[in-house]
Amino acid sequence: MAVQIGESSQKNDLVASTASAVTATYELPWVEKYRPVYLEDVVGNEETVERLKIIAKDGNMPHMIISGMPGIGKTTSVLCLARTLLGDAYNDAVLELNASDERGIDVVRGRIKSFAQKKVNLPPGRHKLVILDEADSMTPGAQQALRRTMEIYSSSTRFAFACNQSNKIIEPLQSRCAILRYGRLTNEQVLKRLKQIIDVENVQYTTDGLGALVFSAEGDMRQAVNNLQSTVAGFGFVNGDNVFKVVDAPHPITIQAMVKACGEVEADHGNIDAALEKLSMLWEKGYSAVDIISTMFRVTKTMEITESIKLEYLKEIGTTHMRVLDGVGTYLQLAGCLARLCKIKAF
């Protein structure tokens, strides 16, 4: 489960520049303090970010939809692009709305239309920008109303939609936009940025602590940075145990021991008693069935076992996960999963 740490201590320019630029009298959350300011500072999704750099260089930004999982830099990339395009006019020429809160048709007819009509002094060839975060939460009526607004004010205003699922954006809007897709960040990319922040903040840490942060984040940079700050605030020291206390998730070592017990040779099946003992311990600590089964899936994927056995394990765990998500999140459901794992040929 350990994540290898590189020896290089070279810091990203972002970390030094943003840290020194914070002049507020209060301490910003680290996720904002170290948020990228320019496209060069955005982590991961290099090909897509390169497309944004070309748009920034040409200056002619199309309407766009950026889709992907939470915490991987969608909104941040659009804000970085806006800063590059608009320069000093950024504050007056950008309207950022969270569509999950302000998602009705009245917002389109009111705030967005008023902003599109507003006159702003811009650099030549530049446009005002409306950023709609969580755009897949907008009501169908509001999305329909946007169609006409985008057409009428296309000469002065561009729209950028950030969403988790682009298929929830209606087809007429999709056809008017360039669609960019962001993938999850790799463990190495998350680890590199965490190491940069740790160096600047002089955080005391262990290798297993960094590994726990990366494991629990699942490619979500925002969650990784928030968990890092929460661990430092709560314990002052980043190690594996402290991180998993903060994220309130079962410790992977316990889960790994439980799964391994299912494969221990005892007659013609695994050691069900040892596996159930670990499960009971986790259940008594108050972990939900979703927490346990999802961690089982992620741990099993990384275990060094025969590939065919691993696939059978993942099949059983995945089936149980589906049942848990359907509402049958009982101890009996998890115990049944372990029993089925024990029946699979031991590794």
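Since we're looking at a predicted model, the values are computed, not measured.

Student: I'd like a description of the confidence of the model for the chain, backed by residues and values.
Tutor: Model confidence for the chain is summarised by a mean pLDDT of 84, while 88% of its residues fall at 70 or above. Between the elements of the chain, mean pLDDT differs from a low of 46, seen in helix α1 (residues 13–21), to a high of 93, seen in helix α16 (residues 307–325). Every residue in residues 1–25 is under pLDDT 50, and counting partners more than four places away or in other chains gives 39 contacts.

Student: Any details on the environment of Thr 149? Residues and values, ideally.
Tutor: Counting through the fold element by element, Thr 149 comes out in helix α7 (residues 140–152). It is 8.4 Å that separates the C-alpha atoms of Thr 149 and Ile 112, two residues lying 37 residues apart in sequence.

Student: Go over the state of the cysteines, please, and point to the residues and values.
Tutor: In a disulfide, the sulfur atoms of two cysteines are covalently bonded to one another. By the definition in use, this model includes 0 disulfides. The thiol of Cys 163 is not disulfide-bonded; the next cysteine sulfur, from Cys 177, is found 9.7 Å away.

Student: Go over the pairing of strand β4 (residues 157–163) with me, naming the residues and quoting the values.
Tutor: For β4, the tally of buried residues reaches 7 of 7 residues, placing the bulk of the element in the interior. In β4, alternate side chains face the same way, and those of Thr 157, Phe 159, Phe 161 and Cys 163 on one face and Arg 158, Ala 160 and Ala 162 on the other are all buried. Sheet topology places strand β1 (residues 64–67) next to β4; 4 bridges connect them, and they run parallel. Bridge assignment links Ile 66 to a residue of β4, and that residue is Ala 162.

Student: Describe the nonpolar core, naming the residues involved and giving the relevant values.
Tutor: Counting residues in each nonpolar core, the largest one holds 77 residues, and the members touching the most others are Met 64, Leu 81, Leu 194, Ile 292, Met 296 and Leu 341. For this core, the element with the most residues is helix α4 (residues 74–86), which contributes 7 residues. Once residues within four sequence positions are removed from consideration, Met 64 is found in contact with Leu 52, Ile 55, Leu 81, Phe 159, Ala 160, Phe 161, Cys 177, Ala 178 and Leu 180. In terms of nonpolar packing, the next biggest core, distinct from the first, is built from 19 residues, Ile 65, Ala 135, Ala 142 and Phe 159 among them.

Student: For the side chain of Lys 128, give the residues involved together with the corresponding values.
Tutor: Note that Lys 128 resides in strand β3 (residues 128–133). Engagement of the side chain of Lys 128 in a polar contact is seen with the backbone oxygen of Phe 115, the distance being 3.0 Å. Among all residues touching Lys 128, those that are not within four sequence positions of it are Ala 93, Phe 115, Ala 116, Gln 117, Lys 118, Val 120, Leu 122, Ser 156, Thr 157 and Arg 158.

Student: Quick one: what's the story with helix α11 (residues 221–235), residue by residue and with numbers?
Tutor: Owing to its 3.6 residues per turn, the α-helix brings residues three or four apart onto one side. Its 15 residues give α11 an end-to-end C-alpha distance of 21 Å, which sits within 8% of 21 Å, the value for a rise of 1.5 Å per residue. Within the sequence span of α11, burial applies to Met 221, Ala 224, Val 225, Asn 227, Leu 228 and Thr 231. With its buried residues spanning 160° around the axis, α11 presents them on a single face. Set apart from the buried face of α11 by more than 90 degrees, the exposed residues are Ala 233 and Gly 234. Elements in contact with the buried residues of α11: α2 (30–33), α9 (187–201), α10 (207–217) and α12 (240–247). Just downstream of α11, Gly 236 is the residue with a positive phi angle, here 75°.

Student: So what's going on with the packing of aromatic side chains? Residues and values would help.
Tutor: Applying the stated criterion to the full structure yields 3 aromatic pairs. Aromatic pair Phe 159 and Phe 161: ring centres 6.4 Å apart, planes at 15°, arrangement stacked. In this structure Phe 161 comes out as buried when scored by relative accessible area, which is 1%. Here the aromatic rings of Phe 215 and Phe 244 are separated by 6.3 Å at their centres, their planes lie at 65°, and the arrangement is edge-to-face.

Student: How would you explain helix α15 (residues 289–302) if you had to name every residue and give the values?
Tutor: Spanning 14 residues, α15 covers 20 Å between terminal C-alpha atoms, matching the ideal 20 Å at 1.5 Å per step. Among the residues of α15, Ala 289, Ile 292, Ile 293, Thr 295, Met 296, Arg 298, Val 299 and Thr 300 are the ones counted as buried. Those residues of α15 that are buried are in contact with α10, α13 (252–263), α14 (272–284), α16 and α17 (331–343).

Student: Give me the pattern of salt bridges: which residues, what numbers.
Tutor: Per the counting criterion, the structure on display carries 8 salt bridges. In this structure, Arg 176 engages Glu 151 in a salt bridge whose closest nitrogen and oxygen atoms are separated by 2.4 Å. Of the two residues, Arg 176 sits in the loop between α8 (171–175) and β5 (178–181) while Glu 151 sits in helix α7, which places them 25 residues apart along the sequence. Taking the shortest distance from any N to any O, the salt bridge between Asp 199 and Lys 195 comes out at 3.5 Å. Of the two residues, Asp 199 and Lys 195 are both situated in helix α9; the distance of 4 residues between them amounts to about one turn of the helix. Classification of Lys 195 by relative accessible area gives buried; the value is 14%. Here the salt bridges do not stand alone but share partners, grouping Arg 148, Glu 151 and Arg 176 into one network.

Here is what the cut-offs are and how they apply
- Residues numbered from 1 in each chain as written.
- Predicted model: local features only at pLDDT ≥ 70, side-chain atom pairs only at ≥ 80, totals over all residues.
- Heavy atoms only, no water.
- pLDDT = per-residue confidence, 0-100.
- Helix = DSSP H or I, 4+ residues; strand = E, 2+ residues; numbered from the N terminus.
- Contact = heavy atoms within 4.5 Å.
- Disulfide = S-S within 2.5 Å.
- Buried < 20%, exposed > 50% of the residue type's maximum accessible area, 1.4 Å probe, protein only.
- Pairing = 2+ DSSP bridges.
- Core = buried A, V, L, I, M, F, W, Y, C linked by side-chain atoms within 4.5 Å.
- Polar contact = N/O pair within 3.5 Å; in protein donor to acceptor, adjacent residues only side chain to side chain.
- Expected span 1.5 Å × (residues − 1).
- Arc of directions from axis to C-beta.
- Phe/Tyr/Trp six-rings, centres within 6.5 Å; stacked < 30°, edge-to-face > 60°.
- Salt bridge = Lys/Arg side-chain N within 4 Å of Asp/Glu carboxyl O.

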